[in-house]
Amino acid sequence: MLSPANAKGERLVSLEDVGVLRGGRWLVRGVEFSVSRGEIVTLIGPNGSGKSTSAKAAIGVLKPDEGRVERFPGLKVGYVPQKLSIDWTLPLTVRRLMTLTGPLPERDMQAALEAAGIAHMIGAEVQHLSGGEFQRALMARAIARKPDLLVLDEPVQGVDFSGEIALYDLIKSIRNASGCGILLISHDLHVVMAETDTVICLNGHVCCRGTPEAVSRSPEYVRLFGSRAAQTLAVYSHHHDHTHLPDGRVLHADGSVTDHCHPEDGHHAHEHAHDSHEHAHGQDHGHAHAHDDHHEHDHAHEHAHSRSGEGRHA
Ligand SMILES: Nc1ncnc2c1ncn2[C@@H]1O[C@H](COP(=O)(O)OP(=O)(O)OP(=O)(O)O)[C@@H](O)[C@H]1O
């Protein structure tokens, strides 16, 4: 058992060799990571790679079929799921959204909405909120009960580029103000929140892990993205020497095919970019970024993602 404590750096949750089996299939296997107080851990990986499954195992929503999950006793978790089952045909105000899962003192509700920057929207209909405002409302709901660990499953979905930066700023200020640990799930394989302490790349198992590049040090990056973005986003560049085939098997660089791979198999070549700005501005592999619709930032984004062909996830 992890011991309770309030000190920064105390382990809040840790996963050891965790596997989740459903319908005869391992959704994830060999997952290992931990989140400590004050730490930001970002899970990345392609669709279906087991990010949500791993996060759910971490907070106890899902019971692992192998391995161990330890949470410190009495751990309070604030969870923003990827999808919410809300009946959108019924009117729902932000105030009501905040108390859907239980009562909340008015003062705590106000404080959470203020921290999330949407105190003025307390009476607004949730259906009418913009993507960014909706994510803020969900975040306010999650922080209102003062969690030790905040789990955010794709918090920037449906949010434009500047909204994404603003949300990451908010996440950073929540962490700084409360000292909670944050487990972030990102749909983006190559750009993560700069404050991230550890990036875990999943593809049914932990493919690789590392710290994001400190892009804020790069003057060119600052010029392209603007200083605010450069303080907020970081490029995580990496490549794997194996490809996951559609049937779940793994094709290795030497042409051999195995049923699965684990970090200890030694099939992984890792390259974490701490070294160079060149990773962000190298050859263009023609990667189309998820934010294609953000015209004013197209150039900057494509530029920053130019090495994305490296991450050979199947
Ligand atoms: N209860 C379940 N039973 C069977 N399969 C499941 C179950 N839950 C998830 N899966 C499958 O497990 C795999 C991992 O799902 P998960 O939601 O963890 O992935 P993800 O990395 O979060 O994906 P995305 O980026 O698309 O949200 C997927 O192939 C999914 O279809």
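Residues numbered from 1 in each chain as written. Predicted model: local features only at pLDDT ≥ 70, side-chain atom pairs only at ≥ 80, totals over all residues. Heavy atoms only, no water.

The name an unreviewed UniProt entry assigns to the protein is Zinc transport system ATP-binding protein, from the organism Rhizobium aethiopicum. For the protein, the Sequence similarities (unreviewed entry) comment in UniProt is given as "Belongs to the ABC transporter superfamily." (UniProt positions renumbered as here; feature names shortened; annotations may be inferred.)

### Concerning the confidence of the model for the protein
When pLDDT is averaged across the protein, the result is 75; 70% of the residues are at 70 or more. Across the protein, the element-wise mean pLDDT spans from 29 in helix α9 (residues 298-304) up to 97 in strand β4 (residues 66-71). Segment residues 1-6 is flagged for pLDDT under 50; beyond a separation of four residues in sequence, or across chains, it makes 19 contacts in the model. Scored as a whole, the predicted complex attains pTM 0.75, and scored at its interfaces, ipTM 0.96. (pLDDT = per-residue confidence, 0-100. Helix = DSSP H or I, 4+ residues; strand = E, 2+ residues; numbered from the N terminus. Contact = heavy atoms within 4.5 Å.)

### Observations regarding the packing of aromatic side chains
Under the defined criterion, the tally for this structure stands at 0 aromatic pairs. A cation sits over an aromatic face here: R29 above W26, 4.1 Å from the ring centre. (Phe/Tyr/Trp six-rings, centres within 6.5 Å; stacked < 30°, edge-to-face > 60°. Lys NZ or Arg CZ within 6 Å of the ring centre and 35° of its normal.)

### A few points about the packing of helix α4 (residues 131-143) against helix α5 (residues 161-178)
In contact at an axis separation of 11 Å, α4 and α5 are set at 10 degrees when each is read in the N-to-C sense. By the angle between their directions, the pair α4 and α5 is classed as roughly parallel. The element α4 and its partner α5 pack so that their crossing is right-handed. Across the interface between the two elements, G132, Q135, R136, M139 and I143 of α4 pack against A166, L167, L170, I171 and I174 of α5. (Axes fitted to C-alpha atoms, helices over the stretch in contact; angles between N-to-C directions. Parallel < 35°, antiparallel > 145°, perpendicular 65-115°, else oblique. Left-handed = near helix turned anticlockwise from the far one by under 90°.)

### Section: unusual backbone geometry
We note that D17 has phi near 55 degrees; this positive angle belongs to a residue other than glycine. Structurally, the position occupied by D17 is in strand β1 (residues 11-22). A relative accessible area of 39% places D17 in the partly exposed class. Despite not being glycine, E154 has its phi angle at roughly 55 degrees, a positive value. By the secondary structure assignment, E154 is in the loop between β6 (149-153) and α5. (Buried < 20%, exposed > 50% of the residue type's maximum accessible area, 1.4 Å probe, protein only.)

### A look at the site of the ligand
Near the ligand you find 13 residues, and of these R25, G48, K51, S52 and T53 are the closest. Burial of the ligand by the protein amounts to 61% of the accessible area it has alone, namely 640 Å². Contributions of two or more residues to the shell around the ligand are made by β2 (25-36) and α1 (51-59). When residues of the shell around the ligand are assigned to their parent elements, the largest contribution, 3 residues, is made by α1. For the shell around the ligand, a count of residues per class yields 2 nonpolar, 7 polar and 4 charged. (Near = heavy atom within 4 Å. Areas by Shrake-Rupley, 256 points an atom, 1.4 Å probe, with all protein chains shown as cover. Nonpolar A, V, L, I, M, F, W, Y, C, P; charged D, E, K, R; others polar.)

### What to know about the pattern of salt bridges
According to the stated counting rule, one finds 7 salt bridges in the structure shown. R95 is the partner of E106 in a salt bridge, and the nearest nitrogen-oxygen pair spans 2.8 Å. Taken as a pair, E106 in helix α3 (residues 106-115) and R95 in helix α2 (residues 94-98) lie far apart in primary sequence, 11 residues in all. Taking relative accessible area as the criterion, R95 reaches 36% and is therefore assigned partly exposed. (Salt bridge = Lys/Arg side-chain N within 4 Å of Asp/Glu carboxyl O.)

### Overview of the pairing of strand β10 (residues 206-210)
Counting buried positions over the 5 residues of β10 gives 4, a clear majority of the element. As judged from the 4 bridges shared by strand β9 (residues 198-202) and β10, these two strands associate in the antiparallel manner. Bridge pairing in β10 places I200 opposite R209. Hairpin geometry of β9 and β10 is characterised by an intervening segment of 3 residues between the two adjacent antiparallel strands and by a positive phi of about 80 degrees at G204. (Pairing = 2+ DSSP bridges.)

### Thoughts on α5
Helical periodicity: at 3.6 residues per turn, an α-helix aligns residues three or four positions apart in one direction. With 18 residues, α5 extends 26 Å between its outermost C-alpha atoms, agreeing within 8% with the 26 Å of an ideal straight helix rising 1.5 Å per residue. Every buried residue of α5 is accounted for by F161, G163, E164, I165, A166, L167, Y168, L170, I171, K172, I174 and R175. Where α5 terminates, the next one or two residues include G179, which has phi positive at roughly 75 degrees. (Expected span 1.5 Å × (residues − 1).)

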